[in-house]
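Chain by chain, the residues:
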Amino acid sequence: MSHWSDTLPVPSGQRRDQVPRDHSIYPQLLEITLHLRQAMREHFVQLTSRQGLSLEERKHTQAIREKEALLSCLIRRMINLLQSEAASDLELQVPLPSEDSRGDVRYGERAQLSGQPDPVPQLSDCEAAFVSRDLSNRGIDISVFYQSSFQDYNAYQKDKYHKDKNTLGFINLGTSENKLCMDLITERLQERDMNCIEDALLQYPDWRGQPFLREEVARFLTYYCRAPTQLDPENVVVLNGCCSVFSALAMVLCDPGEAFLVPAPFYGGFAFSSRLYAKVELIPVYLESEVTVTNTQPFQLTVDKLEEALLEARFEGKKVRGLVLINPQNPVGDIYSPDSLMKYLEFAKRYNLHVIIDEIYMLSVFDESITFHSVLSMKSLPDRNRTHVIWGTSKDFGISGFRFGALYTHNKEVVSAVSAFGYLHSISGIAQHKLCQLLQNTEWIDKVYLPTNCYRLREAHKYITAKLKALEIPFHNSSSGLYVWINLKKYLDPCTFEEERLLYCRFLDNKLLLSRGKAYMCKEPGWFCLIFADELPRLKLAMRRFCDVLQEQKEALIVKQLEDAMRE
């Protein structure tokens, strides 16, 4: 997913009660702004119109064009507001420069006066947020945040690869979805016990989730998490997805402006979820890839790193309310040992922090020599009233479209508060019935689904890592999840987040969607997340596109090195 918000600021906007009273100045301001835009664009044309530029100069030109786009957004917002006020208050018809079919102003041409005002420029969705007179400041913030976070994913949705209908479409190896067992899941969902239509399923549900589903979730987690005692259905809340659960927890555990600690790199969807409603900051606890005396493993989380991040945040005046852990980890794929988990939980208790543990990949461990230990398997927790577990079926069962996420917590106050979000984020009764039937058939899960899923994950992982080894691309070796965390630093010169972004854009240009390290708050530029849980023909085609991009990048770097040598 693209994070355009890295470069594009969100305008604070002007409150409606701050509109100037002297409306007569609007035509003058509008005329000045139009002249400013024309002068600015002519200036940028002069800056970027040179031919035969070197690679370094082309990058500089690209940076100039990005600044132009940013300034254009801001000026268009001013023009829209001023034109609207001038026309409505003084009945003036203020012309705008004419635009071609791409929405760019034709330089050197003046708009002609006519009986009808020139059409308002056609803006992108993101630009439209800047010029909106209908959205609140909060609405503008949300709109820009959404567009900047999901613009590339939305492009993929509109142009998906299909082996027959759209062979040139996007292949998505950036969104963590398990597509390896669609045949098994489709067959299971078509069986007779899945098809049930009862009156209760067509009516409003219990906002916590239907009692029959919460009971089944409690039984399922007791069994697969190896809980020492039967888990209580009254401690379960079901919402439409794990991000909805996380967002609700952020709302009820924090006030706006407060924070959670999160080991980084971490799943970027949490940043979106915590900001959308709750306005909660996620403070990264940076993990390094290099092995040192103190960092005995790549991306190793230690209590010392947690304490350092916490104390630094407190020194800056931030109020940290909790620690977020993903186990198995996303995107690195590591699994925390019971000893490590206990140390993190004891750290949290020592500083009176809540702990949110996302275990959404707990059944996606494909290395048979590795055992996953759920926090729910512990006989005693340092602070069970502040320990909250999230799980869902999106990854382990490959049904992200069902939108199911569950919270398990011993804290009755948290259960009550999170349950309120079921009013907005509940699941349909029909889907809850199907989920209940799916989870309760442990014989099919144990004998058919899990063995097949683990085998296919293992084989896909073998294929993708063999390709990476052949390309001499380093990667973090893991035993769980749907992804490989790969190191493309050697294709960046210099090794910066800007170069990482440009490489990401090269992949997009070749209709391949990956996720780059900055989207995961990675401290080091050059890391990418590559999803391998896809059917082999599509995965092979994706890797051909991947290799083509890297070959182009390698050739561009050689040209740059030659140009640098000639300058010397």
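Conventions used here
- Residues numbered from 1 in each chain as written.
- Predicted model: local features only at pLDDT ≥ 70, side-chain atom pairs only at ≥ 80, totals over all residues.
- Heavy atoms only, no water.
- Core = buried A, V, L, I, M, F, W, Y, C linked by side-chain atoms within 4.5 Å.
- Buried < 20%, exposed > 50% of the residue type's maximum accessible area, 1.4 Å probe, protein only.
- Helix = DSSP H or I, 4+ residues; strand = E, 2+ residues; numbered from the N terminus.
- Domains from an automatic or database assignment.
- Contact = heavy atoms within 4.5 Å.
- Pairing = 2+ DSSP bridges.
- Axes fitted to C-alpha atoms, helices over the stretch in contact; angles between N-to-C directions.
- Salt bridge = Lys/Arg side-chain N within 4 Å of Asp/Glu carboxyl O.
- Expected span 1.5 Å × (residues − 1).
- Patch = residues over 30% accessible without salt bridge, like charges linked within 9 Å, V, L, I, M, F, W, Y side chains within 5 Å.
- Areas by Shrake-Rupley, 256 points an atom, 1.4 Å probe, with all protein chains shown as cover.
- Phe/Tyr/Trp six-rings, centres within 6.5 Å; stacked < 30°, edge-to-face > 60°.

Visitor: Would you mind going over the nonpolar core with me for this structure?
Guide: Soluble globular proteins tend to bury their nonpolar side chains together. Residues Phe397 and Phe546 are the most contacted members of the largest nonpolar core, which totals 141 residues. If you tally residues by element for this core, the top one is helix α14 (residues 442-470), at nine residues. Here this core gathers at least three residues from each of two domains, domain 1 (137-181 + 447-567) and domain 2 (197-291 + 298-442). Leave out the neighbours within four places in its chain, and Phe397 touches Ile185, Phe220, Leu363, Trp391, Leu438, Leu439, Ile445 and Tyr449.

Visitor: It is not clear to me how the side chain of Gln329 should be interpreted in this structure. Could you clarify?
Guide: Considering the arrangement of structural elements, one finds Gln329 in the loop between β5 (320-326) and α10 (338-350). On the basis of relative accessible area, Gln329 is assigned to the buried category, the value being 5%. Apart from residues no more than four positions distant in its own chain, Gln329 is found in contact with Pro263, Pro265, Phe266, Asp334, Tyr336 and Tyr483.

Visitor: Just to check I follow, could you spell out the sheet that holds β5 for this structure?
Guide: In sheet architecture, strand pairing relies on hydrogen bonds along the backbone and comes in two forms, parallel and antiparallel. Pairing in this open sheet of seven strands is mixed, and the strands run β2-β8-β7-β6-β5-β3-β4 from one edge to the other. Lying at the two open borders of the sheet, with one neighbouring strand each, are β2 (236-239) and β4 (281-286). Averaged over all neighbouring strand pairs, the angle between strand axes comes to 25 degrees, with direction disregarded. Alignment of strand β6 (residues 354-358) against strand β7 (residues 387-392), held across four bridges, turns out to be parallel. Paired with Asp358 across the strands is Ile390, a residue of β7. The strands touched by helix α7 (residues 242-253) within the sheet are β2, β3 (259-264), β4, β5, β6, β7 and β8 (405-409), with β7 carrying the most contacts at an inclination of about 160 degrees. The sheet strands contacting helix α9 (residues 303-315) are β3, β4 and β5, and the helix crosses β4 at an angle near 135 degrees.

Visitor: Whenever I open this one, the pattern of salt bridges confuses me. Can you help?
Guide: Opposite charge on two side chains permits them to pair, given that their charged atoms come into close proximity. All told, the structure shown has 31 salt bridges when counted by the stated rule. Taking the shortest distance from any N to any O, the salt bridge between Arg275 and Asp141 comes out at 2.8 Å. With a gap of 134 residues between them, Arg275 in helix α8 (residues 269-278) and Asp141 in helix α4 (residues 137-158) connect regions that are remote in the sequence. Residue class for Arg275 comes out partly exposed when judged on its relative accessible area of 28%.

Visitor: Where do I start with helix α15 (residues 497-509) in this structure?
Guide: Side chains three or four residues apart in an α-helix point the same way, a direct result of the helix having 3.6 residues per turn. Here α15 contains 13 residues, and its C-alpha end-to-end distance of 18 Å stays within 8% of the 18 Å for a straight helix at 1.5 Å per residue. Among the residues of α15, Glu499, Glu500, Arg501, Leu503, Tyr504, Phe507 and Leu508 are the ones counted as buried. Directly after α15, the chain includes Lys511, whose backbone phi takes a positive value near 55 degrees.

Visitor: How should I be thinking about the sheet that holds strand β12 (residues 515-516) in this particular structure?
Guide: Strand order in the open sheet formed by four strands is β9-β10-β13-β12, and the pairing between neighbours is antiparallel. Strands at the two margins of the open sheet, each flanked by one partner only, are β9 (475-476) and β12. Judged from the two bridges that link them, β12 and strand β13 (residues 527-531) form a sheet pairing that is antiparallel. For Ser515, the partnering residue across the bridge sits in β13 and is Cys529. Helix-sheet contacts for α15 involve β12 and β13, and the interaxial angle to β13 is about 30 degrees.

Visitor: Even after reading the chapter, I still don't get a nonpolar patch on the surface, so can you show me in this structure?
Guide: On the surface, a nonpolar cluster with roughly 240 Å² of combined accessible area is contributed by Met251, Val252 and Tyr277. Its place among the elements puts Met251 in helix α7.

Visitor: Looking at this model, I keep getting lost on the environment of Cys242. Mind explaining?
Guide: By secondary structure assignment, the location of Cys242 is in helix α7. Judged by its relative accessible area of 9%, Cys242 falls in the buried class. When the C-alpha positions of Cys242 and Ile360 are compared, they lie 8.0 Å apart, and in sequence the two are 118 residues distant.

Visitor: Would you explain the packing of aromatic side chains in this entry?
Guide: Working definition: an aromatic ring pair is given by the centre-to-centre distance plus the angle between the planes. Under the definition given, this model contains 27 aromatic pairs. Considering the side-chain rings of Tyr267 and Phe270, the 5.4 Å spacing of their centres and the 70 degrees angle between planes classify their relative orientation as edge-to-face. Taking relative accessible area as the criterion, Tyr267 reaches 28% and is therefore assigned partly exposed. Here Phe270 falls in the buried class, since its relative accessible area comes to 2%. Taking the centre distance of 5.2 Å and the plane angle of 55 degrees together, the rings of Phe347 and Tyr351 count as tilted. Grouping aromatic residues by their ring pairs yields a cluster made of Phe220, Tyr223, Tyr224, Trp391, Phe397, Phe404, Trp444 and Tyr449.

Visitor: Looking at this structure, I do not really get unusual backbone geometry. What am I missing?
Guide: Glycine aside, a negative phi is what most residues show, and trans is what most peptide bonds show. Omega for the peptide link from Ala264 to Pro265 comes to 15 degrees, which places this bond in the cis form. Tracing the backbone shows Pro265 in the loop between β3 and α8. A cis amide bond links Asp493 to the next residue, Pro494, at an omega of 0 degrees. By the element assignment, Pro494 lies in the loop between β10 (483-487) and α15. The phi torsion at Phe299 lies on the positive side, around 55 degrees, for a residue other than glycine. Here Phe299 is to be found in the loop between β4 and α9. With a relative accessible area of 5%, Phe299 lands in the buried category. The phi torsion at Asn352 lies on the positive side, around 55 degrees, for a residue other than glycine. By relative accessible area, Asn352 is classed as exposed at 52%.

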